[in-house]
Amino acid sequence: MPKLINIGIFLHTRITILLLLFCFLLPSSSWAKFNYKKPLKKWTRQNEVYQREDFYASMLWTATFHSKEFLHAKVEKISGFYDYNDSQKQNLMNEELSKIEDEMVFFVSVYTYNYRDANLTLDSNAWEILATVQGQAVKPKTVKRIKKPSPTQLSLYPYINLWSNHYMITFPKPISGDVRNIELSLKSPFAKDTFVWK
């Protein structure tokens with residue numbers, strides 16, 4: 001009888017070890033859901049600005065800085081949508097990283113009391129948009145308005161709404177490549193505010 005018990009314990013132990021190894025070898029998406037919200041929250045800033053004489057907000061705006069950490073999370077989320085394999089995921093990651101090789105990229109959503117005032121494009125002379133890195137302020141290279149956000153963008157930036165205008169804004173990256181302590185500022189006769197990423 002003791003021999004049978006020992007054999008049973010041995011088999012039970014081996015089976016347990018095999019099950020644990022099987023779980024660890026499974027793709028992470030099969031047994032643990034990827035947490036996109038955490039990096040999104042870390043690299044997103046949001047504020048309401050009140051500069052009117054009444055109680056209405058002059059501006060509500062949100063901005064997500066495309067850091068390397070955020071882009072890794074973005075690629076994980078998109079890969080989950082389309083069940084990308086490792087090769088497809090790596091290609092997408094390389095594509096995303098190439099966009100920030102020489103530029104700083106922000107996704108910005110802006111609501112203003114008067115809808116027309118939310119025009120941030122470079123042909124508008126109402127707004128001054130600046131990114132400040134290491135004390136040096138630079139103007140945007142591009143300000144692209146996204147008139148109709150795609151289903152992917154709606155999922156990546158859940159703060160998108162019908163009342164705001166949405167933009168992808170790029171700035172030249174410092175020669176040093178150091179993008180710590182970044183400030184993003186919007187200034188106009190209607191409202192002004194600054195976000196900081198450290």
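The preceding data block contains the structure.
Notes on the structure follow. (Residues numbered from 1 in each chain as written. Predicted model: local features only at pLDDT ≥ 70, side-chain atom pairs only at ≥ 80, totals over all residues. Heavy atoms only, no water.)

**Considering the environment of Ser 109**
Line of reasoning, step 1. Its place among the elements puts Ser 109 in strand β3 (residues 103-112).
Line of reasoning, step 2. Remark: the alpha-carbon pair of Ser 109 and Leu 60, spanning 49 residues in sequence, is separated by 8.3 Å.
Line of reasoning, step 3. When near neighbours in sequence (up to four residues on either side) are disregarded, Ser 109 contacts Leu 60, Trp 61, Thr 62, Tyr 159, Ser 164, Asn 165 and His 166.
Line of reasoning, step 4. Of note is the side chain of Ser 109, whose polar atom sits 3.0 Å from the side chain of His 166. (Helix = DSSP H or I, 4+ residues; strand = E, 2+ residues; numbered from the N terminus. Contact = heavy atoms within 4.5 Å. Polar contact = N/O pair within 3.5 Å; in protein donor to acceptor, adjacent residues only side chain to side chain.)

**Things to note about the sheet that holds strand β1 (residues 44-49)**
Line of reasoning, step 1. Ordered in space as β1-β2-β3-β7-β6, the five strands form an open sheet in which the pairing is antiparallel. The open sheet has two edge strands, β1 and β6 (142-145), and neither has a second partner. Going across the sheet, the axis of each strand differs from the next one's by a mean of 20°, ignoring polarity.
Line of reasoning, step 2. Taken together, the eight bridges between β3 and strand β7 (residues 165-172) define a ladder with antiparallel strand orientation. Across the sheet, Ser 109 pairs through a bridge with His 166, a residue of β7. (Pairing = 2+ DSSP bridges. Axes fitted to C-alpha atoms, helices over the stretch in contact; angles between N-to-C directions.)

**Some words on the packing of aromatic side chains**
Line of reasoning, step 1. Under the defined criterion, the tally for this structure stands at 16 aromatic pairs.
Line of reasoning, step 2. A ring pair is formed by Trp 61 and Phe 195, whose centres lie 3.8 Å apart and whose planes are at 10°; its orientation type is stacked. Of the two residues, Trp 61 is situated in strand β2 (residues 59-65) and Phe 195 in strand β9 (residues 192-197); the sequence distance between them amounts to 134 residues. Phe 195 matches Trp 61 in its accessibility class, with the two residues each being buried.
Line of reasoning, step 3. Centroid distance Trp 127 to Phe 190: 6.1 Å. Interplanar angle 55°. Geometry classified as tilted. Remark: Phe 190 occurs in the loop between β8 (182-187) and β9 and Trp 127 occurs in the loop between β3 and β4 (128-133); sequence separation between them is 63 residues.
Line of reasoning, step 4. Residue Trp 127 is classed as buried on the basis of its relative accessible area, which comes to 10%.
Line of reasoning, step 5. Residue classification places Phe 190 among the partly exposed residues on the basis of a relative accessible area of 31%. (Phe/Tyr/Trp six-rings, centres within 6.5 Å; stacked < 30°, edge-to-face > 60°. Buried < 20%, exposed > 50% of the residue type's maximum accessible area, 1.4 Å probe, protein only.)

Nothing here speaks to function; it is geometry throughout.
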